[in-house]
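One-letter residues, chain by chain:
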Amino acid sequence: MRLLKRFIAVTAIASLALTGAACGDDGGDAAESGPVTLRYSWWGNADRAALMQKAIDLFQTQNPNIKITPSFQEYEAYWQKMATETAGNNAPDVFQMDFSYLREYSDRNALYDLKQQEGKALKLDDLLDGLKGAGQVKDGLYGVPVGANTWGYMYNPAVYAQAGIPEPKPGWTWNDYRATVAKITQATKGKVYGGGNYVGSYYNLELQLRQEGGLLYTEDGKIGFDKARLARFFNEGKALADAKATLPIEKGVQIKPQHALELDLIAGELGWDNFMARYAASTKAQLKLGPVPSDNPGAQGQYLKPAMLLSVSKKTKHAEAAAKLISFMINDPEVGKIFGANRGLPATNAQRAAVQLEGPLATVAAYEEGLKEQLTKAPPAPPKGAGTLEQTFIRIAEELQYGRISVDEAVNQFFTEVEDTLES
Amino acid sequence: MTTITSNRRTDAGSVRPAGPRKQARRSGDGLAGYLFLSPWLIGILLLTLGPMVTSLYLSFTDYDLFNSPQWVGLDNYQRMFDDARWLKSVRVTALYVALAVPIKLACALAVAVLLNNERRGRAFYRAAFYGPSLIGASVSLAIVWKAMFSDDAVVDRLLRTVGIHTGGWAGNPDFSLLMLVLLAAWQLGAPMVIFLAGLKQVPKELYEAAEVDGAGRWRRFRSITLPMISPVIFFNLLLETINSFQVFTSAYIVGGPNGQPAGTTLFYTIYLFDRGFGDYRMGYASAMAWMLLAGVGLVTLFLFRTARGWVYYSGDKR
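Residue numbers run consecutively from 1 along every chain, following the written order of its sequence. Chain letters start at A and ligand numbers start at 1, both assigned in the order the entries are written. Under the rules for a predicted model, residues below a pLDDT of 70 receive no local features and side-chain atom pairs below 80 are neither given nor counted, while totals for whole chains, interfaces and linings still include all residues. Only heavy atoms go into the side-chain values, all of them from the structure, while hydrogens and water stay out.

A word on the interface of chain B and chain A. Only heavy atoms matter for contacts: two residues are in contact if any of them lie within 4.5 Å across the pair. Residue-level contacts link 38 residues of chain B with 33 residues of chain A. When residues of chain B are sorted by the area they lose upon contact with chain A, F66, Q260 and Y280 of chain B head the list and together hold 21% of the total. Basic side-chain nitrogens of Lys or Arg form a salt bridge, by our definition, when they fall within 4 Å of a carboxyl oxygen of Asp or Glu. Put simply, chain B and chain A have 8 salt bridges between them. The residue E417 of chain A makes a salt bridge to R275 of chain B at a minimum N-O spacing of 3.3 Å. The greatest single-element share of the side of chain B that touches chain A, amounting to 5 residues, is contributed by helix α2 (residues 18-58) of chain B. A breakdown of the residues in the side of chain B that touches chain A according to their chemical character gives 16 nonpolar, 11 polar and 11 charged. Put simply, buried area is the surface a 1.4 Å probe can reach on two separate parts but cannot reach once they are joined, added for both. Numbering goes from the N terminus for both helices and strands, where a helix is a DSSP run of H or I of at least four residues and a strand is a run of E of at least two. Three classes are used: nonpolar for Ala, Val, Leu, Ile, Met, Phe, Trp, Tyr, Cys and Pro, charged for Asp, Glu, Lys and Arg, and polar for all others, with Gly counted as polar.

This is the structure we're talking about:
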């Protein structure tokens with residue numbers, strides 16, 4: 001009996017000690033000369049993971065000393081995980097970064113300054129002109145763009161033809177846009193709406209501000225517009241919604257996560273042009289990309305936005321290997337071929353040349369090529385809290401379209417959140 | 001005086017020899033006991049109690065996950081009362097609890113009464129009604145539910161055949177919460193099983209006596225069944241109330257972090273999660289969690305108070 005007891009006690013202690021040892025083994029630290037293991041995280045789905053694995057395999061064959069441990073999540077879950085991992089001093093060495101979170105992480109001292117590797121392990125000279133300097137915050141370089149996109153007008157020409165309305169031409173104004181939306185809805189008797197959630201898009205407001213010579217956020221991270229300007233935007237959008245010219249909000253909410261263009265519910269919508277590929281994959285309609293409306297001829301307001309960046313954790317022990325991986329991901333033509341436009345159109349000339357674009361992707365590339373001269377400088381990286389503000393904007397615009405709040409209430413609610421978010 | 005002390009000493013002395021041996025055995029037993037408990041003990045210390053204490057501390061700080069927490073005292077608690085979305089989330093949650101709990105319990109009791117009768121295939125019906133509870137917190141279920149309540153889907157069509165035109169509930173702020181209430185009511189398995197057990201306990205003689213006296217079905221249900229199973233009703237009421245305050249999965253799938261449509265499904269837990277993991281305001285989120293605990297505690301206390309008036313325990317002299 002006593003023996004049995006002792007035996008049990010000993011095994012229990014031994015098993016505890018074993019689990020403890022297994023936990024403690026994690027922090028193993030390889031010398032820089034020996035094999036190095038890098039953790040690499042990104043957001044995306046299984047399709048992207050398959051492509052990513054191909055690219056990683058290629059990298060590992062070329063750099064037998066570096067082993068990559070990949071992991072991925074969906075976009076929202078990804079940021080929840082990144083936040084907790086960073087807080088727990090356990091961030092991956094290399095991870096995908098979004099423009100709206102760049103300041104959030106760099107201001108909080110969570111990112112490695114890639115300036116130290118630039119020109120050495122990290123080659124940046126082949127980046128597209130519009131993307132040079134993207135990822136820079138103050139004097140440091142905290143992210144390198146992998147892909148880029150532009151705000152554009154995606155539309156279904158068949159619906160325009162059916163409604164007997166000419167397709168949009170350069171020089172059309174915001175009044176033209178709203179009138180067109182209403183006319184199409186009227187002509188199709190509401191079977192197809194002229195436009196979607198126009199007022200719920202933060203970037204439509206940004207585009208208008210840029211056309212007027214303003215910015216969404218100023219260089220020093222303040223909000224770039226006042227209450228009157230926001231009220232004007234909300235009023236114009238609400239008028240469209242009230243006249244039932246745009247897709248009703250209750251419909252838009254129900255079809256999520258699909259987009260109205262995918263379901264042929266609307267004639268056209270302003271959005272990031274790399275979404276063309278996604279929409280085109282699920283609709284039979286031959287979508288086209290057209291000019292954005294502007295009240296100010298000669299100022300289109302569009303810019304090349306880094307769709308996705310790669311950053312390195314401040315806590316990494318292998319900065320050089322991490323920089324090498326990033327350099328490979330943005331420059332290697334083979335990687336460009338593997339991904340196509342999965343990460344947005346490639347950010348370097350070499351990868352753009354390597355990608356054989358077909359169908360909707362060719363349209364997007366041609367569109368960006370045609371705009372090349374008109375694209376203006378990308379805005380400074382948005383201040384921390386920008387992600388929250390964008391969510392707030394979407395939420396408030398939704399309540400506005402439901403008629404739950406007035407324009408004044410909407411404006412005040414947004415600015416309360418601005419004060420709360422940008423000053424804390 | 002001396003005798004007494006010496007007496008005591010001898011007493012103590014006579015006990016002592018046995019003492020250590022006994023104690024050694026006890027502490028040996030204790031060690032083994034604690035070792036066997038250790039998986040649970042480590043779990044509760046590291047995974048429950050530790051985080052709880054930490055969260056209590058964090059609720060008095062400004063903590064954004066990246067920088068170390070800054071002490072702000074009661075600031076987080078005060079800010080809640082000026083936070084329109086917090087107030088909204090409280091309203092949404094309270095409305096949900098007030099609707100979902102009675103509806104679910106009424107359905108569960110009705111089904112339990114029906115299933116209490118002797119009839120063929122009873123086991124099958126019980127399993128069928130319990131089934132939905134087994135897949136309770138599943139994500140896929142919430143997705144299917146949302147799809148069923150969309151434009152032109154099953155529910156919309158059924159309602160139209162009887163002349164009611166509501167459109168899809170999922171996109172309609174007036175109906176979105178009701179949709180989640182129905183989802184809760186459909187998963188009535190757990191309280192139903194408890195009600196069934198309670199119904200079995202009611203003495204048959206009472207019914208027989210009442211029948212002899214000419215009491216109808218409804219009368220028997222009201223005057224015998226309800227009072228006799230009131231402790232079970234109370235138990236279910238408590239459990240369901242506490243559970244309903246914590247609804248998350250289905251609400252998150254249907255309404256997302258913003259509580260779509262138009263914030264009508266912005267439950268307390270959803271807002272808490274969004275503040276903590278979406279906006280990185282962990283201090284505020286922790287304070288919200290403790291407020292929820294206090295709120296649920298108060299409601300429970302209130303229920304216990306009222307219980308004195310309507311819960312009947314047999315053997316109670318009242």
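A common way to express how large an interface is: the accessible area buried when the components associate. Residues and elements named next belong to chain A. Residue ranges assigned to each domain were obtained from an automatic or database domain assignment. When its domains are assigned, chain A resolves into domain 1 (36-148 + 304-356) and domain 2 (151-302 + 385-423). Computed from C-alpha atoms alone, the centre-to-centre distance between domain 1 and domain 2 is 30 Å. Opposite the 5 residues of domain 1 that make contact, domain 2 presents 6 residues. When the buried surface of domain 1 facing domain 2 is broken down by residue, S100, E104 and K305 rank first, second and third, together holding 55% of it. Where domain 1 meets domain 2, there are 0 salt bridges.

Residue and element names in this part refer to chain A. Two strands are counted as paired when DSSP detects at least two bridges linking them. What the 6 strands build is an open sheet, ordered β2-β1-β3-β10-β6-β11; its pairing is mixed. If you trace the sheet from one side to the other, it starts and ends with β2 (66-73) and β11 (345-346), each paired once. Bridge analysis of strand β6 (residues 144-149) against strand β10 (residues 305-312) gives 5 bridges, and the strand direction is antiparallel. Paired with G147 across the strands is M308, a residue of β10. The strands touched by helix α11 (residues 319-331) within the sheet are β1 (36-43), β2, β3 (94-97), β6 and β10, with β1 carrying the most contacts at an inclination of about 45°. In this analysis an axis means a line fitted to C-alpha atoms, helices contributing only their contacting stretch, and an angle means the value between N-to-C directions, from 0 to 180 degrees.

Residues and elements named next belong to chain A. Here a pair means two rings of Phe, Tyr or Trp (six-membered ring of Trp) with centres within 6.5 Å. Their orientation is stacked below 30 degrees between planes, edge-to-face above 60, and tilted elsewhere. Counted according to the given criterion, the structure contains 56 aromatic pairs over all chains. Judged by centre distance (5.6 Å) and plane angle (55°), the ring pair of W79 and Y105 falls under tilted. Taken together, the residues span a long stretch of sequence, with W79 in helix α3 (residues 75-87) and Y105 in helix α4 (residues 99-107) at a distance of 26 residues. For every residue, the accessible area obtained with a 1.4 Å probe (protein chains only) is divided by the maximum for its type, and the residue is called buried under 20%, exposed over 50%, and partly exposed between those limits. Classification of Y105 as buried rests on a relative accessible area of 0%. With centroids separated by 6.1 Å and ring planes inclined at 20°, the aromatic side chains of F225 and F414 adopt a geometry described as stacked.

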